[in-house]
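Coordinates in review
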Amino acid sequence: MATTVLVPNDTLRAVRLSMRMSQEEFAKALRKAGDDLGEPNDASKRLVQRWEGGQSKSPRAAYVRALEHVTGRRIEELGFTLAVMARVHEDGAGGHDMDPAAEGVAAASGALDTAVETSGQYSGIWLSRYEYYSSGRDSTYDGKHYVVIVQTDNRLTARSLPGASSNPDSPLSLDLTLDQSVVTGTWVEQTASDGYYQGSRYHGAVQMLVEPTGRRMAGKWVGFGKDFDVNTGPWELRLMDPSTSKATLERYSRPPE
């Protein structure tokens, strides 16, 4: 019978020691970070010991954000290999896959190791970006919006913020359902009456894979064009800020760069 050899996370331990924190103090800082970010956690000395000892290699999404907040480093710099390896990428055949080489990831089903939180807290401000082809202009364009996501159980409701689109006056809405690492739903965008598409309303479906860090979703949209042809293209959401405070909403009520 094969014996699993635990590999200590010396990187995380070194970072903690460089901050002159005991494991108990580090856990306390993570709990405070969770409160500050609006997603309380139950970080404990025992959890820190499990991370540093290699017993747990995949922090839940809420802990990922707390770790980054406390240390000022991205999760990739803290010795958690799953977060480094598990990425959504184009598969070269028009679709998206979760990296099949990632520990704990089954690419065929999108299922993740049970140690990874895929139904965590996704409320916050996200940058939405999709690509579309304009037949009239014979070119590909980006559509960008800052959206606020509100989560209730496995439902994600996203609405663009006022003035927060790359195309003026083009509000976007998404209604999504979360199933482990897969997000599926619908989208609607109302274009500006004085814009290129003259106030046309477009809608369709979208499906994306959620990366284990909970900071990015990527996949494809599908929808009808003005000539009633079915179009598709890439779509991704990137977490900008887990806060939905008034000050944060005001800060992102502007066109994305």
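Keep in mind the model is a prediction, meaning the values are calculated, not measured.

1. Let's talk about the packing of helix H2 (residues 23-37) against helix H3 (residues 45-53)
- Viewed as axis vectors pointing N to C, H2 and H3 meet at an angle of 105°, and their least axial separation amounts to 8 Å. As judged from the angle between their axes, H2 and H3 are roughly perpendicular. Residues Gln23, Glu24, Phe26, Ala27 and Leu30 of H2 lie in contact with H3, whose contacting residues are Lys45, Val48, Gln49, Trp51 and Glu52.
- Residues belonging to the contact of H2 with H3 are distributed by class as follows: 5 nonpolar, 2 polar and 3 charged.

2. A short note on a nonpolar patch on the surface
- A cluster of nonpolar side chains, namely Val222, Phe224, Phe228 and Val230, defines an oily patch on the protein surface of about 440 Å² accessible area.
- Of note, Val230 is situated in strand E12 (residues 230-241).
- According to the relative accessible area criterion, Val230 is exposed, its value standing at 57%.

3. Some thoughts on the packing of aromatic side chains
- Enumeration over the complete set of coordinates arrives at 9 aromatic pairs.
- A centroid spacing of 4.9 Å and a plane angle of 45° characterise the contact between Tyr130 and Trp235, whose relative ring orientation is tilted. Of this pair, Tyr130 sits in strand E5 (residues 124-134) while Trp235 sits in strand E12, and the two are 105 residues apart along the sequence. For the pair Tyr130 and Trp235, one class covers both residues: buried.
- In this structure an aromatic cluster arises from ring pairing among Tyr130, Tyr132, Tyr141, Trp187, Trp221 and Trp235.

4. A short note on unusual backbone geometry
- With a phi close to 60°, Arg20 is a non-glycine residue in the positive phi region.
- With respect to the element layout, Arg20 can be found in the loop between helix H1 (10-18) and H2.

5. Observations concerning the packing of H2 against helix H4 (residues 61-71)
- In the contact formed by H2 and H4, the axes pass within 9 Å of each other and the chain directions differ by 110°. When the axis of H2 is compared with that of H4, the two are roughly perpendicular. On the side of H2, the interface is formed by Phe26, Ala29, Leu30, Ala33, Asp36 and Leu37, while H4 contributes Arg65, Ala66, Leu67, His69, Val70 and Thr71.

6. Examining the nonpolar core
- Within the largest apolar cluster, 23 residues are counted, with the highest numbers of intra-cluster contacts made by Trp126, Leu174, Val206, Met217, Trp235 and Leu237.
- Those elements that provide at least two residues to this core are E5, strand E6 (139-152), strand E7 (155-165), strand E8 (172-179), strand E9 (182-190), strand E10 (201-210), strand E11 (216-224) and E12.
- Beyond its immediate stretch of four places on either side in the chain, Met217 contacts Tyr122, Trp126, Leu156, Val183, Met208, Leu209, Val210, Trp235, Glu236 and Leu237.
- In terms of nonpolar packing, the next biggest core, distinct from the first, is built from 19 residues, Ala29, Leu30, Val70 and Ile75 among them.

7. Regarding the confidence of the model for the chain
- With 79% of its residues at a pLDDT of 70 or more, the chain shows a mean pLDDT of 80.
- Confidence scores differ between elements of the chain, with strand E4 (residues 111-112) showing the lowest mean pLDDT of 32 and H3 the highest of 94.
- Of the regions scoring below 50 in pLDDT, residues 100-119 engages in 44 contacts with residues more than four places distant in sequence or in other chains.

8. Details of the environment of Ala158
- In this structure, Ala158 sits in strand E7.
- Separated by 11 residues in sequence, Ala158 and Val147 have C-alpha atoms that sit 5.9 Å apart.
- If we skip the residues at most four places from it in the chain, Ala158 touches Val147, Val148, Ile149, Leu172, Ser173 and Leu174.

9. Focus: the sheet that holds E10
- Spatially, E5-E6-E7-E8-E9-E10-E11-E12 is the arrangement adopted by the 8 strands of the closed barrel, whose pairing is antiparallel. Here the average twist between neighbouring strands, direction ignored, is 30°.
- Where E11 and E12 come together, 9 bridges link them in antiparallel fashion. Bridge assignment links Met217 to a residue of E12, and that residue is Leu237.

10. Here we look at the environment of Lys28
- Along the chain, Lys28 turns up in helix H2.
- A C-alpha to C-alpha distance of 9.2 Å links Lys28 and Asp42, two positions 14 residues apart in sequence.

11. Observations concerning the side chain of Ser173
- With respect to the secondary-structure elements, Ser173 resides in strand E8.
- Each residue touching Ser173, except ones within four places of it in the same chain, is listed here: Ala158, Arg159, Thr186, Trp187 and Val188.

Definitions and cut-offs
Each residue is numbered by its place in its chain's sequence as written, counting from 1. Where local features are concerned, this predicted model is filtered to residues with pLDDT of at least 70; where side-chain atom pairs are given and counted, the filter is 80 or more; whole-chain, interface and lining totals use all residues. As a rule here, side-chain values cover all heavy atoms of the structure and leave hydrogens and water aside. Lines fitted to the C-alpha atoms define the axes, with helices restricted to the stretch that makes contact. Angles between their N-to-C directions range from 0 to 180 degrees. Secondary structure elements follow DSSP: runs of H or I of four or more residues count as helices, runs of E of two or more count as strands, with numbering from the N terminus. Working definition: roughly parallel below 35 degrees, roughly antiparallel above 145 degrees, roughly perpendicular at 65 to 115 degrees, and oblique for all remaining angles. Note on definitions: a residue-residue contact is assigned when non-hydrogen atoms from the two residues lie within 4.5 Å. When residues are sorted by character, Ala, Val, Leu, Ile, Met, Phe, Trp, Tyr, Cys and Pro go into the nonpolar class, Asp, Glu, Lys and Arg into the charged class, and all the rest, Gly among them, into the polar class. Like charges are joined within 9 Å and nonpolar side chains (Val, Leu, Ile, Met, Phe, Trp, Tyr) within 5 Å, but only among residues with over 30% relative accessible area and no salt bridge; these make up the patches. Residue exposure ignores everything except the shown protein chains as possible cover, and the areas themselves are Shrake-Rupley values with a 1.4 Å probe. Note on definitions: salt bridges are taken to be side-chain nitrogens of Lys or Arg within 4 Å of carboxyl oxygens of Asp or Glu. Partly exposed residues are those whose accessible area sits between 20% and 50% of the maximum for their type, while under 20% is buried and over 50% is exposed, using a 1.4 Å probe and protein chains only. Here is the rule: rings of Phe, Tyr and Trp (six-membered ring for Trp) pair when centre to centre is within 6.5 Å. Planes less than 30 degrees apart are stacked, more than 60 are edge-to-face, and the remainder are tilted. Only buried residues count toward a nonpolar core, which is a set of Ala, Val, Leu, Ile, Met, Phe, Trp, Tyr and Cys residues joined through side-chain atoms within 4.5 Å. Values of pLDDT, the confidence the predictor places in each residue, fall between 0 and 100. Strand pairing requires that DSSP identify at least two bridges connecting the strands.

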